[in-house]
Amino acid sequence: MGLKNYFERVFKNLTALENKMQTGFRFSQSEINEIISSAKKENLQYFESLARMPELTLFDVGYLMSSVNLTIEKIEILKKASSLYKEEEFKAQGQTFSDFVFRIGANIDNLNMENLEVFKDLVQCKNELYDFTKALQNPIKYKHARKKEMRFAFQNVFVE
């Protein structure tokens, strides 16, 4: 009886491995089926592009496929924005790469290659906002040079 269970388990694992090899993706066939079943019909053509981005998890790809109206330009913006993510910069604020992807998804209609740096600065602010529409539509207004001069939080300084 133990030998039969062993061969069944080996066969099951070989089948799963074969499914992964047939798709050529890092996701299993059942994961791909799950993403495709919840994806928007017009986004199906972009699945391969998203699946080939190694930093995106199954959850990220599923979110983008089901919640965002994708185009080739938006995929390129997503790739560029993803390259701006540095874990050590965002981890201090408790933000994961998935949080970053959700914010990209919420603002992708207003993102372009020129305002990605402003977007990164906005995301690095510790807040719960996901929609940066006003700032992204006029990035020059919201982008200020950081000054390194000394300032006090009070008006008068008394020294004894």
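This write-up is about the structure you can find in this document.

## Considering the nonpolar core
Then comes step 1: Counting residues in hydrophobic clusters, the biggest one holds 31 residues, and the most contacted among them are Phe47, Leu50, Leu56, Val61, Met65, Phe100 and Ile104.
Then comes step 2: At the level of elements, helix 2 (29–38), helix 3 (47–51), helix 4 (58–67), helix 5 (72–84), helix 7 (97–107) and helix 8 (116–124) are the ones that each hand at least two residues to this core.
Then comes step 3: Looking at which element gives the most residues to this core, the answer is helix 5, with five residues.

## Some points on the packing of aromatic side chains
Then comes step 1: In the structure shown here, the tally under the stated rule is six aromatic pairs.
Then comes step 2: On the numbers, 6.4 Å between centres and 35° between planes, the contact of phenylalanine 97 with phenylalanine 100 is tilted. You can see phenylalanine 97 and its partner phenylalanine 100 sitting in helix 7, three residues apart, about one turn around the helix.
Then comes step 3: Relative accessible area serves as the criterion here: at 13%, phenylalanine 97 is assigned to the buried category.
Then comes step 4: Residues phenylalanine 100 and phenylalanine 119 carry aromatic rings whose centres are separated by 5.9 Å and whose planes lie at 50° to one another, so their mutual orientation is tilted. Here phenylalanine 100 is found in helix 7, whereas its partner phenylalanine 119 is found in helix 8, with 19 residues between them in sequence. This pair shows no difference in class: phenylalanine 100 is buried, exactly as phenylalanine 119 is.
Then comes step 5: Ring pairs connect the aromatic residues Tyr85, Phe97, Phe100 and Phe119, which therefore count as one cluster.

## Some words on the side chain of glutamine 95
Then comes step 1: In this structure, glutamine 95 sits in the loop between helix 6 (87–91) and helix 7.
Then comes step 2: The residues contacting glutamine 95, other than those within four sequence positions of it, are Tyr85, Phe90, Arg103, Val123, Gln124 and Cys125.

## A few points about the pattern of salt bridges
Then comes step 1: Evaluated as defined, the whole model comprises three salt bridges.
Then comes step 2: The shortest N-O distance in the salt bridge between aspartate 109 and lysine 74 comes to 2.6 Å. Here the residue aspartate 109 occupies a position in the loop between helix 7 and helix 8, and lysine 74 occupies one in helix 5, the gap between them amounting to 35 residues.
Then comes step 3: On the basis of relative accessible area, lysine 74 is assigned to the buried category, the value being 15%.
Then comes step 4: Residue lysine 79 pairs with glutamate 76 through a salt bridge whose shortest N-O separation is 3.7 Å. Of this pair, lysine 79 and glutamate 76 both sit in helix 5, three residues apart, which is roughly one turn of that helix.

## Examining helix 8
Given 3.6 residues per turn, any residue in an α-helix points the same way as the ones three and four places further on.
Then comes step 1: With seven of its nine residues buried, helix 8 lies for the most part within the structure.
Then comes step 2: Restricting attention to buried positions, one finds in helix 8 the residues Leu116, Val118, Phe119, Lys120, Leu122, Val123 and Gln124.

## Comments concerning the packing of helix 5 against helix 7
Then comes step 1: Put simply, helix 5 and helix 7 touch, their axes get as near as 11 Å, and they point 145° apart. Handedness of the helix 5/helix 7 crossing: right-handed. Only Phe97, Phe100 and Ile104 of helix 7 make contact with helix 5, whose side of the interface consists of Leu78, Ala81 and Ser82.
Then comes step 2: Of the residues contributing to the contact of helix 5 with helix 7, the split by class is five nonpolar, one polar and no charged.

Definitions and limits used
Residues numbered from 1 in each chain as written. Predicted model: local features only at pLDDT ≥ 70, side-chain atom pairs only at ≥ 80, totals over all residues. Heavy atoms only, no water. Core = buried A, V, L, I, M, F, W, Y, C linked by side-chain atoms within 4.5 Å. Buried < 20%, exposed > 50% of the residue type's maximum accessible area, 1.4 Å probe, protein only. Helix = DSSP H or I, 4+ residues; strand = E, 2+ residues; numbered from the N terminus. Phe/Tyr/Trp six-rings, centres within 6.5 Å; stacked < 30°, edge-to-face > 60°. Contact = heavy atoms within 4.5 Å. Salt bridge = Lys/Arg side-chain N within 4 Å of Asp/Glu carboxyl O. Axes fitted to C-alpha atoms, helices over the stretch in contact; angles between N-to-C directions. Left-handed = near helix turned anticlockwise from the far one by under 90°. Nonpolar A, V, L, I, M, F, W, Y, C, P; charged D, E, K, R; others polar.

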